[in-house]
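# Results of the structural survey
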Amino acid sequence: MSDRMSERAAIVVEGGAMRGIFSAGVLDAFLEAAFHPFDLAIGVSAGACNLASHLAGQHGRNKRSYIDLMSRREFIDVRRAARGRSVVDLDWLWDTLAVKEPLDVAAIARQKTEFVVVATCTASGEPVHLVPGETEMFEALKGSCALPVLYRPSVRFGGRGLVDGGVSDPIPAEAAYRRGARRILVIRSRPAEFVKVSSLSDRITALALFKEPSIMRAVRGTAARYQSAVKFMAAPPAGCKILQVAPASALATSRMSQNVTGLAKDYALGQELGRAAIERWNAL
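As the structure is a computational prediction, the values presented were derived from the model and not from experiment.

Scoring rules and cut-offs
Residues numbered from 1 in each chain as written. Predicted model: local features only at pLDDT ≥ 70, side-chain atom pairs only at ≥ 80, totals over all residues. Heavy atoms only, no water. Helix = DSSP H or I, 4+ residues; strand = E, 2+ residues; numbered from the N terminus. Buried < 20%, exposed > 50% of the residue type's maximum accessible area, 1.4 Å probe, protein only. Contact = heavy atoms within 4.5 Å. Areas by Shrake-Rupley, 256 points an atom, 1.4 Å probe, with all protein chains shown as cover. Lys, Arg positive; Asp, Glu negative; His and termini not counted. Charge placed at Lys NZ, Arg CZ, Asp CG, Glu CD. Phe/Tyr/Trp six-rings, centres within 6.5 Å; stacked < 30°, edge-to-face > 60°. Polar contact = N/O pair within 3.5 Å; in protein donor to acceptor, adjacent residues only side chain to side chain.

When you go through the chain residue by residue, the secondary structure sums to 12 helices and 8 strands. In terms of overall dimensions, the chain has C-alpha extents of about 55 × 40 × 35 Å along its principal axes. Burial status across the chain gives 56% buried among its 284 residues. The long-range fraction of contacts in the chain, counting pairs at least 24 apart against all pairs at least 6 apart in sequence, stands at 77%. Summed over all atoms, the accessible surface of the chain reaches about 12,400 Å², with 52% contributed by carbon and sulfur. Considering the chain, the positive charge centre built from 37 side chains and the negative charge centre built from 28 side chains are found 5 Å apart.

Attention shifts here to the packing of aromatic side chains. For the coordinates displayed, the defined rule picks out 5 aromatic pairs. With a centroid separation of 5.3 Å and an interplanar angle of 65°, the aromatic rings of Phe38 and Trp281 are classed as edge-to-face. Here the residue Phe38 occupies a position in the loop between α2 (21-32) and β2 (40-44), and Trp281 occupies one in helix α12 (residues 260-283), the gap between them amounting to 243 residues. Residue classification places Trp281 among the buried residues on the basis of a relative accessible area of 4%. Between Tyr177 and Phe232 the ring centres are 5.9 Å apart and the planes differ by 65°, which places this aromatic pair in the edge-to-face class.

We now examine helix α7 (residues 137-145). The buried fraction of α7 amounts to 7 of the 9 residues, a majority that puts the element mostly inside the structure. Met137, Ala140, Leu141, Lys142, Gly143, Ser144 and Cys145 are the residues of α7 that are buried.

Examined against the element boundaries, Arg8 turns out to sit in strand β1 (residues 8-13). Using a relative accessible area of 11% as the deciding quantity, one classes Arg8 as buried. Reaching out from Arg8, the side chain makes a polar contact with the side chain of Glu114 at a distance of 2.9 Å. Within the local environment of Arg8, its side chain forms a polar contact with the backbone oxygen of Arg179, the two atoms lying 2.8 Å apart. Arg8 has contacts with Asp39, Leu40, Glu114, Arg179, Gly180, Ala181, Arg182 and Arg183, leaving out every residue within four places of it along the chain.

That's the geometry; what it means functionally is another story.
The structure is reproduced here in C-alpha cells:
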C-alpha cells in the first residue's frame, strides 16, 4: 500500500432508519464549519442518504426530509402490513424527495471524496460496497435502505437484488480500513458502548424471510457482525485511529419513531456533538 493510501481519512456513518436524524445533525454541523478532511465516505442505509446530502453541500436537506416528510404516515404506516404492503414506503419517499428536496447528484460527482454506499446482496447475503455514478445514485441509496420485510420488494441494481446494508455490514469501519483509511471518524446512531444482540424482532424478521434463505441467514448474523465492528473500533490495528461520534444515552428517536419533537431534539444533539467532534478530530 502506498504512503498516500495509508494516510487516507474516512468518515463512516451508521444507519438506523429514523435514528439517522442524529447523524443529520452531526453532518450539518460539519457543513457549517466547512469541515471535510475526508478522502473516503462510507454510509449505510439512512447514513448513506445523509452522507449523500452532505457531500452535495445541501445543508438542512436531511433535517427537512426527516421532520417534514419521513414523519408522515405516507412513509411509515404499520397498518399497511395487514394488506400485504410495505410498512416503509420508499417509493413514495423517493418520488416526493425528487419533487420537494431533489438531491444534487452532480455536486456529489464533483467531489474528490470517494463515496461508498453499503447494501446487502439478496443472492448471497453478503455486503456489497457500491461506488455509484450520477445515474446510479438513487437506486444505490434505495437499495441500501430497503429494510427486509418492512419494504416488500428488493431493489434491482446492476443485475442483482439489494436490501438494507445494515443487515450485512452495519458499521463498515473495517471496510474503510481495508480501503486504506488510517484515521476514521464513525458517526453512530447508538451510544458508543451499545453492542447489538440478537432480539426477538430479529428472529421474527428472519422467520418471515424463509423464502429468501440468504437474507434470512444474513439477518440472523447481523448481531455478530455488529459485535465484530464494535470490537474493531475499540481496538483498531496499529497505526489506525478511530474517533466515534455517538450519543451518551439512547436517542429520543427509535428506528420507526415519527415524533417530530424527538426528531428535532436528536438533530440538535447531533449538531452539538458534531461541533465537539471537530475539535477532537483536529487533536488526532
